[in-house]
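Fold and geometry: a report
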Amino acid sequence: MTALQPRTREAVLQIAAWQLGVLESPAGSNAVKYNDAFYGRSVAGSAYPWCLTFVWWVFRQAGFSLYKTASCTALVDRYREASPGQIIQQGYRPGDLVFFDFSGRRAKTEHVGIVESVAADGPLTTIEGNTGSGSNANGGAVMRRTRKPGLVTCGIRPGYSGE
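Here goes a summary of the coordinates provided. It should be emphasised that the depicted structure is a prediction, and the values quoted were computed from it without experimental measurement.

1. Overview of the pattern of salt bridges
What the rule picks out here adds up to 4 salt bridges. Arg157 is the salt-bridge partner of Asp96, the closest N and O atoms lying 2.8 Å from each other. Residue Asp96 is found in the loop between β1 (87-88) and β2 (97-100), and its partner Arg157 is found in the segment after β6 (152-156); the two are separated by 61 residues along the sequence. Arg144 is the partner of Glu116 in a salt bridge, and the nearest nitrogen-oxygen pair spans 2.5 Å. Linking Glu116 in strand β3 (residues 111-118) with Arg144 in strand β5 (residues 141-147), this pair joins segments that are 28 residues apart in sequence.

2. With respect to the pairing of strand β4 (residues 124-131)
For β4, the tally of buried residues reaches 8 of 8 residues, placing the bulk of the element in the interior. As judged from the 4 bridges shared by β3 and β4, these two strands associate in the antiparallel manner. Pairing of Val118 across the sheet is with Leu124, part of β4. Hairpin remark: β3 followed by β4, antiparallel, with 5 residues in the connecting loop; positive phi at Gly122, about 115°. In this structure, β4 lies alongside β5, joined through 6 bridges in antiparallel fashion. Residue pairing for β5: Glu128 is matched across the bridge by Met143.

3. Examining the nonpolar core
In this structure, Phe54, Val55, Phe59, Leu97, Phe99 and Ile114 are the most contacted members of the largest nonpolar core, which totals 34 residues. Mapped onto this core, the elements with two or more residues apiece are α1 (9-18), α2 (33-39), α3 (51-61), α4 (72-82), β2, β3 and β6. Top element by residues in this core is α3. It accounts for 8 residues. Contact partners of Phe59, with chain neighbours within four places excluded, come to Val12, Phe64, Leu66, Gly95, Leu97, Ile114, Pro158 and Tyr160.

4. What about the environment of Phe64?
As for its placement among the helices and strands, Phe64 is situated in the loop between α3 and α4. Assessed through its relative accessible area of 10%, Phe64 is described here as buried. For the pair formed by Phe64 and Pro6, sequence separation is 58 residues and the distance between their alpha carbons is 7.8 Å. Setting aside residues up to four positions removed in sequence, Phe64 forms contacts with Arg7, Thr8, Val12, Phe59, Gly159 and Tyr160.

Rules and cut-offs
Residues numbered from 1 in each chain as written. Predicted model: local features only at pLDDT ≥ 70, side-chain atom pairs only at ≥ 80, totals over all residues. Heavy atoms only, no water. Salt bridge = Lys/Arg side-chain N within 4 Å of Asp/Glu carboxyl O. Helix = DSSP H or I, 4+ residues; strand = E, 2+ residues; numbered from the N terminus. Buried < 20%, exposed > 50% of the residue type's maximum accessible area, 1.4 Å probe, protein only. Pairing = 2+ DSSP bridges. Core = buried A, V, L, I, M, F, W, Y, C linked by side-chain atoms within 4.5 Å. Contact = heavy atoms within 4.5 Å.

Here it is in structure tokens:
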């Protein structure tokens, strides 16, 4: 196996895929290694949802210094302020971050995933932390999900090296 080149879309996608199947333990606790790394200590409870700490951890492992926040809204607001050209509304590609509003109104950013692929007819395949079959945005697992583009509020295209 070849070594991963840091700060690439391939590194982000491979690291995210390596995490598929990771579960919080115990179930329903939000106790997971991504939160431990993010907060610098073990944390648990409803105050610690971890979809974005998963993304932060993946990007950190891939050599990025992603703005450190556990709030999807705060991350999008930060990009709107500091790097508005990286906010995207369509044309999603592998490695992009996409933010979801599961009501379909596209008004809030309640969850985030990393785009793995985009089907010709539109659906996105994502790798997400803290999702599950019983809860889109607090399901306790790292999973591959297929999402309709109409649920995406916006996306962020990170600054990958070589692009």
